[in-house]
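# Tertiary structure, described
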Amino acid sequence: TKQIEIFEFKHPFETELDAENRWVKLSKLLPWDELVGIYSRSLSSTKGKYGIDGRLAVASLIIKHKLGLSDREVIETIKENIYLQYFVGFHGFRKEAAFDASLLVELRKRMGAAEFDNMSREIINRSEEVMKKSQGKKKAKPEEKDIDPSDPNKRGGKLSEEEIPRGGKLKIDAVMLQMEMEFPKLTTM
């Protein structure tokens, strides 16, 4: 198979973004002013110049956490994904990197590792609270008019014992989480 030329590649950039995309939905749910406030108060007024736009910094931390990416991968992923560019607050698609990955390293140095971790944890916890609340609203109990005991698809999600599918394969996904861990000190003999 022959690779097509880049100009032959069909893309949807001339259409609107999908309002049902997870990053579009999340961007509407998050209290950006509050999260940027957490970021701003963590910065030292005496060390260095002000970094990047607060929304971009906060959104980058959320992307890093949710996708489990390194600093460099965060930058590349934002650069490549139109929905992430919307999420970080850009007004249009950009081909260039939002900022250099070393800036996240500089922020960690400037704030101190402990303060940077506290700020990151607070932002992520707050954003996850908002996401859980919004998911709880979606999973609300169906209204009485939506439940029809004669229709298996409209019983409020309940199946009888005979209707529960049996057999098949169970797939389990082990997710890796970042965590701080102390390693035992090695002693020489």
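Below is a short write-up of the structure. (Residues numbered from 1 in each chain as written. Predicted model: local features only at pLDDT ≥ 70, side-chain atom pairs only at ≥ 80, totals over all residues. Heavy atoms only, no water.)

Right, let's get into helix α1 (residues 22-29). For an α-helix, the turn length of 3.6 residues means that residues three or four places apart are oriented alike. Of the residues making up α1, those classed as buried are W23, V24, L26 and S27. Considered in projection along α1, the buried side chains sweep an arc of 165 degrees and stay on one side of the axis. Turned more than 90 degrees away from the buried face of α1 sit R22 and K28, all of them exposed. The opening residue of α1, the one whose side-chain oxygen lies 2.7 Å from the backbone nitrogen of W23, is N21. (Buried < 20%, exposed > 50% of the residue type's maximum accessible area, 1.4 Å probe, protein only. Helix = DSSP H or I, 4+ residues; strand = E, 2+ residues; numbered from the N terminus. Arc of directions from axis to C-beta. Polar contact = N/O pair within 3.5 Å; in protein donor to acceptor, adjacent residues only side chain to side chain.)

Moving on: the nonpolar core. Counting 37 residues, the largest nonpolar core has L30, Y39, I62, I63, F87, M119 and I123 as the members making the most contacts within it. Residue assignment for this core shows that the elements contributing at least two residues are α1, α2 (32-42), α3 (54-67), α4 (71-80), α5 (82-87), α6 (102-111) and α7 (113-138). Among the elements that make up this core, the one with the highest residue count is α3 (seven residues). Dropping the residues within four chain positions of it, I63 is found in contact with W23, G68, L69, I78, L84, F87 and V88. (Core = buried A, V, L, I, M, F, W, Y, C linked by side-chain atoms within 4.5 Å. Contact = heavy atoms within 4.5 Å.)

If you walk through the whole model with that rule in mind, you get four salt bridges. For the salt bridge of R126 with E34, the shortest nitrogen-to-oxygen distance reads 2.7 Å. Placement of the pair is R126 in helix α7 and E34 in helix α2, with a sequence separation of 92 residues. Among the residues examined, R126 registers a relative accessible area of 21% and is labelled partly exposed. What makes E34 partly exposed here is its relative accessible area of 39%. Salt bridges here are not isolated pairs; linked through shared partners, they connect E34, R126 and E129. (Salt bridge = Lys/Arg side-chain N within 4 Å of Asp/Glu carboxyl O.)

Turning next to the packing of aromatic side chains. Each pair of aromatic rings is reported with the distance of its centres and the angle of its planes. All told, the structure shown has two aromatic pairs when counted by the stated rule. When the centroid spacing of 5.0 Å and the interplanar angle of 65 degrees are considered together, the rings of W23 and F87 count as edge-to-face. Of this pair, W23 sits in helix α1 while F87 sits in helix α5, placing them 64 residues apart in sequence. Across the pair, exposure class does not vary: W23 and F87 are buried alike. (Phe/Tyr/Trp six-rings, centres within 6.5 Å; stacked < 30°, edge-to-face > 60°.)

So, about the packing of α1 against α3. Here α1 crosses α3 at 130 degrees, and the two axes come no closer than 13 Å. What the angle tells us is that α1 and α3 run oblique. Judged by the sense of rotation from one axis to the other, the crossing of α1 with α3 is right-handed. Taking contact as the criterion, the partners of R22, W23, L26 and S27 in α1 are, on α3, R55, I62, I63, K66 and L67. (Axes fitted to C-alpha atoms, helices over the stretch in contact; angles between N-to-C directions. Parallel < 35°, antiparallel > 145°, perpendicular 65-115°, else oblique. Left-handed = near helix turned anticlockwise from the far one by under 90°.)

The next thing to look at is the packing of α2 against α3. Taken N-terminus to C-terminus, the directions of α2 and α3 make an angle of 90 degrees; their axes are 9 Å apart at the nearest point. Our classification of the angle between α2 and α3 gives roughly perpendicular. The segment α2 lies against α3, with W32, L35, V36 and Y39 engaging G54, R55, A57, V58, A59 and I62. Partitioned by chemical class, the residues of the contact of α2 with α3 number eight nonpolar, one polar and one charged. (Nonpolar A, V, L, I, M, F, W, Y, C, P; charged D, E, K, R; others polar.)

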